[in-house]
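Chain residues, written in single-letter form:
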Amino acid sequence: MSVVTVGREHLHAIAAIEALSFGEPWSEQALELLLGDTAFGLACLDEEGVPVAYIGVLTVLDEGQITNVATHPDFRRCGLADKLLTALMEQARKKGLWTLTLEVRESNTAAIALYQKHGFAVVGKRNYFYSNPREHALVMLCSL
Ligand SMILES: CC(C)(COP(=O)(O)OP(=O)(O)OC[C@H]1O[C@@H](n2cnc3c(N)ncnc32)[C@H](O)[C@@H]1OP(=O)(O)O)[C@@H](O)C(=O)NCCC(=O)NCCS
């Protein structure tokens, strides 16, 4: 499955993956942030060119903050998030980023395992960071 940079034409399908994956999904309009100068996204496309998984990152100077990663439920456990995170880290290094950080729900064992597999470690906690449902966030960081 090919990995491409997220473009405007992908946002509708990515918003649908968001809606299937999160209690408070990003809308198609909110996802436009990924098209700007201070962010980028990568997507895995199916054979018809439709995104089935994506990852987004915001950049501030030499730091990247992963906004979200999500795989369509029909395509989970096929290695797509692995592929996206590997590609994202490669691009982040090329862009001169030194660190990647993210927040993750402390009950999200799948995502935490994914990030740990790629070298992220827990460096902090934000109490009641999330609503719907209310939950603490773990802050994870990876040095590139
Ligand atoms: C977390 C998520 C993105 C993983 O996507 P995926 O494409 O299924 O992940 P992959 O198949 O590439 O798996 C990569 C690694 O992630 C971890 N992982 C993925 N799903 C897992 C699960 N259900 N349980 C435990 N570990 C899991 C494993 O470490 C796995 O490596 P392994 O196969 O060698 O064990 C997916 O479950 C998802 O979209 N969840 C809902 C959205 C979400 O919670 N996003 C994270 C927000 S911070």
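Residues numbered from 1 in each chain as written. Predicted model: local features only at pLDDT ≥ 70, side-chain atom pairs only at ≥ 80, totals over all residues. Heavy atoms only, no water.

With that out of the way, let us pick up the sheet that holds strand S1 (residues 2-5). Read from one edge to the other, the open sheet built from seven strands follows the order S1-S2-S3-S4-S5-S7-S6, with strand pairing classed as mixed. Since the sheet does not close on itself, it has two edges, and those belong to S1 and strand S6 (121-130), each with one partner. Recorded for the sheet is a direction-independent mean angle of 25° between the axes of neighbouring strands. With eight bridges joining them, strand S3 (residues 51-60) and strand S4 (residues 63-71) adopt antiparallel strand pairing. (Pairing = 2+ DSSP bridges. Helix = DSSP H or I, 4+ residues; strand = E, 2+ residues; numbered from the N terminus. Axes fitted to C-alpha atoms, helices over the stretch in contact; angles between N-to-C directions.)

Membership of the largest hydrophobic core comes to 29 residues, with the highest contact counts inside it found for Ile55, Leu85, Leu88, Leu100, Val104, Tyr115 and Phe120. Listed by contribution, the elements that provide at least two residues to this core are strand S2 (39-45), S3, S4, helix H3 (80-94), strand S5 (99-105), helix H4 (109-117) and strand S7 (135-143). Among the elements that make up this core, the one with the highest residue count is H3 (eight residues). Once residues lying within four places of it in the same chain are set aside, the contact partners of Ile55 are Phe40, Gly41, Leu42, Ile66, Asn68, Val69, Leu84, Leu85 and Leu88. Grouped together as the second largest cluster of nonpolar side chains are twelve residues, Leu31, Leu34, Ala39 and Ala70 included. (Core = buried A, V, L, I, M, F, W, Y, C linked by side-chain atoms within 4.5 Å. Buried < 20%, exposed > 50% of the residue type's maximum accessible area, 1.4 Å probe, protein only. Contact = heavy atoms within 4.5 Å.)

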